[in-house]
Amino acid sequence: VGPLPTSAVQLQQAGGTLYIRDSGRVRAVDPRSGRERWAYPAGPQGPANPEVVSFVAGVEATAVAARRTDGSGPEGLVVLLDAATGRPRWQRRVGGEVYPDSLAVGPAGIHLVAQDYLTFEQLAARLRRDDRSSLHPRLTTTSRGGRPLWQRPLRDRGGGAGLLGDALVTTVGGRVVVLEGRGWDVDLEAFDAATGARSWARRVERAGGALAWRDRLLLNLWDRRPVVRAADG
């Protein structure tokens, strides 16, 4: 794999194919021989080409969260790749900066969190003048056919120049659950996966991650209670 730390490499298996993300690409590899079947993007890398930041492998297709850069800054993308060829079936813009851990695929579609983009200089200027205005973090859902379905704003506590900090998304019990800002004082928001209607929200302290299992949401907490279960998502 490319010259990246181990934490930056994703590895998944689906339908007899091994998928590896490294150096901004997704590679489909034969697990027996190690031979590369395809890579996305296939051409030479550059600012105008998509850089893959996350993916979810499936038997028939692989969903990809990517970013590409033009004169105005990074642009978030969601792409569906054919499992056999690696060619995009479709590609949609989501705008702004995408959160790598926020890509989730469920029965209702493909879910992803994005927010407005700031350069480092713009962010530093915000911090200097204590500007805590929103960067409009939002959860977007696209159908498996590539049709935009719904978009909902996420809670924005306004800390750190309006930055969301981190976002992790999972699907459970017919809902999309977003864990916002891993670490201290984490917000959990649940939305109906089909309509985007907000189901519930709660604050959790010291949440390190979330995992869906059947219709249960399991939270990894950094205190005396290792796991808390929320029934039916």
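In what follows, the structure referred to is the one given above.
The numbers attached to residues start from 1 for each chain and follow its sequence in the written order. Only residues with pLDDT of at least 70 get local features here, since the model is predicted, and only at 80 or more are side-chain atom pairs given and counted; chain-wide, interface and lining totals rely on the full set of residues. As a rule here, side-chain values cover all heavy atoms of the structure and leave hydrogens and water aside.

**Examining the sheet that holds strand β17 (residues 198-204)**
Pairing in this open sheet of 4 strands is antiparallel, and the strands run β14-β15-β16-β17 from one edge to the other. The sheet terminates laterally at β14 (167-172) and β17, the two strands that pair on one side only. Across the sheet, the axes of successive neighbouring strands diverge by a mean angle of 15°, strand direction being ignored. Relative to strand β16 (residues 186-192), strand β15 (residues 175-180) runs antiparallel, the two being bridged by 6 bridges. In the strand pairing of β16, Val 178 is matched with Glu 189. Strand pairing is assigned whenever DSSP detects at least two bridges linking the two strands. Runs of H or I in DSSP of at least four residues are treated as helices and runs of E of at least two as strands, each being numbered from the N terminus. What counts as an axis is a line fitted to C-alpha atoms, over the stretch in contact for a helix, and the angles between N-to-C directions run from 0 to 180 degrees.

**Quick look at the side chain of Arg 138**
As for its position among the elements, Arg 138 is in strand β12 (residues 138-142). As used in this structure description, the phrase polar contact means that two N or O atoms lie within 3.5 Å; if the pair is within protein, one of them must be able to donate a hydrogen and the other to accept it, and residues adjacent in sequence are counted only when both atoms belong to side chains. At a separation of 3.1 Å, a polar atom in the side chain of Arg 138 contacts the side chain of Asp 116. At 2.6 Å, the side chain of Arg 138 and the backbone oxygen of His 136 are in polar contact. Two residues form a contact once any of their heavy atoms are found within 4.5 Å. Residues contacting Arg 138, with those up to four places away along its chain left out, are Val 94, Gly 95, Gly 96, Leu 112, Val 113, Ala 114, Gln 115, Asp 116, Gln 151, Arg 152, Pro 153 and Leu 154.

**Some points on the sheet that holds strand β3 (residues 25-29)**
With antiparallel pairing, the 4 strands of this open sheet are ordered in space as β1-β2-β3-β4. What marks the edges here is a single partner per strand, and that holds for β1 (10-14) and β4 (36-40). If you compare each strand with its neighbour and ignore which way they point, the axes differ by 20° on average. Sheet topology note: the β1/strand β2 (residues 17-22) ladder contains 5 bridges and is antiparallel. Counterpart to Gln 10 in the pairing with β2 is Arg 21.

**Thoughts on the environment of Val 56**
Examined against the element boundaries, Val 56 turns out to sit in strand β5 (residues 51-57). For the pair Val 56 and Leu 103, spaced 47 residues apart in sequence, the C-alpha separation works out to 7.4 Å. Residues contacting Val 56, with those up to four places away along its chain left out, are Gln 12, Ala 61, Thr 62, Ala 63, Leu 103 and Val 105.

**Quick look at the pairing of β4**
Bridge analysis of β3 against β4 gives 4 bridges, and the strand direction is antiparallel. Counterpart to Val 29 in the pairing with β4 is Glu 36. Hairpin remark: β3 followed by β4, antiparallel, with 6 residues in the connecting loop; positive phi at Gly 34, about 80°.

Everything listed is a geometric property; what it means functionally is a separate question.
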